[in-house]
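Coordinate analysis (summary)
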Amino acid sequence: MYCKKCKDLGTLTIRKEHLYCVKCFMISVNHKFRACIGKNKILSSNQKVLVCLTGGQSSTVLLDLIYNGLLQDNHKKLRIIPFFLHLTGFGEKETDHKVAELVINQCKSYKFNVYIVNISKFYFQKSNTLPDINSLAETNTEQDLKTNLKNILKKVNPTSSNDIETKIKHDTFRRVAKECQCNFIFTAETTTTLAVNLLSNLAIGRGSQVEYDIGFSDSRDEIKILRPMKDITVEELHHYIQIKNLTHISIDKIQDNNLQSVIKQFVWDLQENFPATVSTVCKTADKIGSIDKSDKRCQFCKSAVVPNNEKLTAIEATNFSRTVSNFHLGQYLNEETRPKELTNEHDGSMFPFINEYFCYCCSKNYLESGNQNNNLFKDMLPV
Amino acid sequence: MPIPCRTGCGKNAMLKRPKTGDALCKECFFWAFETEIHFTITKAELFKRGDSVAVAASGGKDSTVLAHVLKTLNERYDYGLNLMLLSIDEGITGYRDDSLETVKRNRDDYEMSLKILSYKDLYGWTMDEIVAQIGRKNNCTFCGVFRRQALDRGAAMLGVKCIATGHNADDIAETVLMNVLRGDIARLKRCTAISTGSEGTIPRVKPLKYTYEKEIVMYAHYKKLVYFSTECVFAPNAYRGHARALLKDMEKIRPTCIMDIIYSGETMAVKEEVTLPTQRICTRCKFVSSQEVCKACVLLEGLNKGLPKLGIGKSSKAKRMLDEYNTKQEQNLKDAIKQLDNDVEKIENNCQSNQKCRSNLCKNKRNGLLNKKSCNNKCSGNCDRTKVIVDNTKVDNLLAKYAIHEPVKKINTDGNNIVNVDEDFDTSDNEDVNIDQEDDTCSASCGKMGSLIGF
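Cut-offs used in this document
Residues numbered from 1 in each chain as written. Chains lettered and ligands numbered in written order. Predicted model: local features only at pLDDT ≥ 70, side-chain atom pairs only at ≥ 80, totals over all residues. UniProt positions renumbered as here; feature names shortened; annotations may be inferred. Helix = DSSP H or I, 4+ residues; strand = E, 2+ residues; numbered from the N terminus. Pairing = 2+ DSSP bridges. Contact = placed C-beta atoms within 7 Å. Axes fitted to C-alpha atoms, helices over the stretch in contact; angles between N-to-C directions. Buried ≥ 20, exposed ≤ 12 C-beta atoms within 10 Å, placed from the backbone. Right-handed = clockwise from strand over helix to strand, strands pointing away.

As annotated in an unreviewed UniProt entry, chain B carries the name Cytoplasmic tRNA 2-thiolation protein 1 and comes from Papilio machaon. The Subcellular location (unreviewed entry) comment attached to chain B in UniProt states, word for word, "Cytoplasm". Among the UniProt annotations of chain B, the heading Sequence similarities (unreviewed entry) holds the following wording: "Belongs to the TtcA family. CTU1/NCS6/ATPBD3 subfamily."

As annotated in an unreviewed UniProt entry, chain A carries the name Cytoplasmic tRNA 2-thiolation protein 2 and is attributed to Papilio machaon. As recorded by UniProt, the Sequence similarities (unreviewed entry) comment attached to chain A reads in full: "Belongs to the CTU2/NCS2 family." The heading Function (unreviewed entry) in the UniProt record of chain A holds the text "Plays a central role in 2-thiolation of mcm(5)S(2)U at tRNA wobble positions of tRNA(Lys), tRNA(Glu) and tRNA(Gln). May act by forming a heterodimer with NCS6/CTU1 that ligates sulfur from thiocarboxylated URM1 onto the uridine of tRNAs at wobble position."

Quick look at the structure:
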């Protein structure tokens, strides 16, 4: 019944077997956060960092960890110049407001300033003026309604919609970071979230992008997204929040007809019964790269697209499947009479603009969002 | 309201294809299904004209459809392949015995030759016996590892150029997920390859790699193919089940996710700085392995030594188990030697030799194994020599059997594998008897096992 570090009385059980006292536990969480930043050697001292907050558990803990880091004395001080950002415009107006107010209050308690930015303004309306700090300025123009993210994504199936939302969010982070002259962004994904993201990435065909979407650093752009909480688990978050008695708000979108939520449920069950699996999954992610990289980028998610080659992949197989399901029997029996495979959107290809303008998954998203949804992809394609 | 067939043939559709969402009628579906497999085979250049190909046949839907389609395409497109069936009899009562009957029917229906190899012949154990040892958990490890090698052995016997397996798209997607969950980066790298096999091994190809399980079932059903559809009686406890359950849940929401996962697997690569195990040849059985001694040999060793868990889990655990086993064996050996020494003493007491022999060297070397030599040298011929020699060969035998680090000397050479393997097992079986007799800690299961294989 003793803490495994200091042999005092232990009160917390982590992963059902490791007993900690409160003091050692807090040290270990802090250490995980700092070690993650330290050992990756990407951040040099006194860099400007945009910290993205959501008001959720992990974001609340991240805020507290940063505050504590800045308070340390010379030797252990966290040497960053933080800027704080909270994005709105994802859900209903009332909840959006509630969350934004909470984030403002959270930041106030640490004497930090936060920008509350509406995602539609920055992403769809291409505005690049930052709002006043700590203020929630919402207008209700007709254009706002038209570019409301929720309305735009309503027509897309939930799995693609989740994926598109994430990509748009990251893009907006980068736009804001640019305005604040930050070269780095902190997001608060935990091990558990990243395990879910890894499996989701696989399930939607983003396997080759795992390195950037799950690893510590997303370096697809000059402005890098870093994930300093990547070694901390959800279980540890719960304890941290309880011990420090931090207020947070969780807006769980209740959707069960998408891959991400199925995977999330699966990972949470795993966490319960096989606690080691979650970290195994993330460690696997650290070892995955992608096959031959090209300079060509997907216009939507900025990932390198796979250069065209002769090898048979799932793309050809699926396209052939589409082709073969659209013509009369016997038409393909010899090579000469076989029509060209379908490649662009007008003739029913499964992957419009693939490897030309879009990566595999973005091409699928484009197809599924249909033509009504020009708002999402309009600037990326040739006229 | 009936949906018309997407190809415009005028008939009503009877299924919606999960891969593309297109609805097709029966005839168009058959044609599309076969043509897709043809496309996969030609595009990925799986076979060469004139090749002999072994179809790994289990009697299940995948391999039955594979055999049927390969035969059809071989005739339709004139691949010029010599197709034959290769089956492995794991010895699972209520499962494999019945499914082999189906394979035999396939043999007659498709006019292909059939070769059946059994675990019992190859390894000396049936799966039933193995499960009696290991229990319901982890038994798939044995079955999978043994089957992999058994197929290689069978293919070598048949002299084929490659083995075609019935792995479908669902299986591959499932394997990708499973390898991520297990953190098995080496397998993750290989598992989406359509053709696997390094130099010196017989390649395996997966013509059904892009074919959905659902469509395979449909095809078999509408074509009225005879197949065996019972799930393996031991399978429900397999780890794979987790990955399978997840995949099935995902497929319900988005059927294309199976292809998406395969695409993910195809475009992923292991980072350069990650060291991977290299493929080499097992020092014992000379088949492919990533370790010095292949998994099949380790598992078998475990079974034969009464340590069925030996090959399960981390290799460090296996080492520890072997060490424990070795110390135990040493103890046994010492006991045995003591016993022998007592015997020798008795002999010596009976021996009419002078006092010098007994009191000096023979006694000194008692703990060693050199009784014979010393006696020979020092006892001036009066000692009952023959008896001593007999006893000493027994010691030598014991030593040879118990020393596990020594590589097995009887290494199988290709061609007469089975005979040699059997010999190996004979000696090890005897060893097991010894363990049973001498080791009181051995639980009842061991004895039960012994009776099962008829010691």
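Text resumes after the structure shown.
Here, UniProt's "domain: Cytoplasmic tRNA 2-thiolation protein 1 C-terminal" (unreviewed entry) annotation points to residues 282-310 of chain B. Regarding residues 282-310 of chain B, the helix share stands at 34% and the strand share at 7%, and the terminal C-alpha atoms are separated by 17 Å.

Residues and elements named next belong to chain B. Strands sit in the order E5-E4-E3-E6-E8-E7 across an open sheet of six strands; the sheet is mixed. The open sheet has two edge strands with one neighbour each: strand E5 (113-118) and strand E7 (195-196). Sheet topology note: the strand E4 (residues 82-89)/E5 ladder contains six bridges and is parallel. Each bridged residue has a counterpart across the sheet, and for Ile88 the counterpart in E5 is Leu117. Running over the sheet, helix H6 (residues 139-158) touches strand E3 (52-56), E4, E5 and strand E6 (162-164) and is turned about 140° from E4.

Moving on to the pairing of strand E3 (residues 47-53) of chain A. Residue and element names in this part refer to chain A. Counting buried positions over the seven residues of E3 gives five, a clear majority of the element. Bridge count between E3 and strand E4 (residues 80-88): seven bridges; the pairing is parallel. Its bridge partner being in E4, Val51 is matched across the sheet by Phe84. With helix H2 (residues 57-71) bridging E3 and its parallel neighbour E4, the resulting β-α-β unit is right-handed. Taken together, the three bridges between E3 and strand E6 (residues 184-186) define a ladder with parallel strand orientation. Opposite Val51, over in E6, you have Phe186 as the bridge partner.

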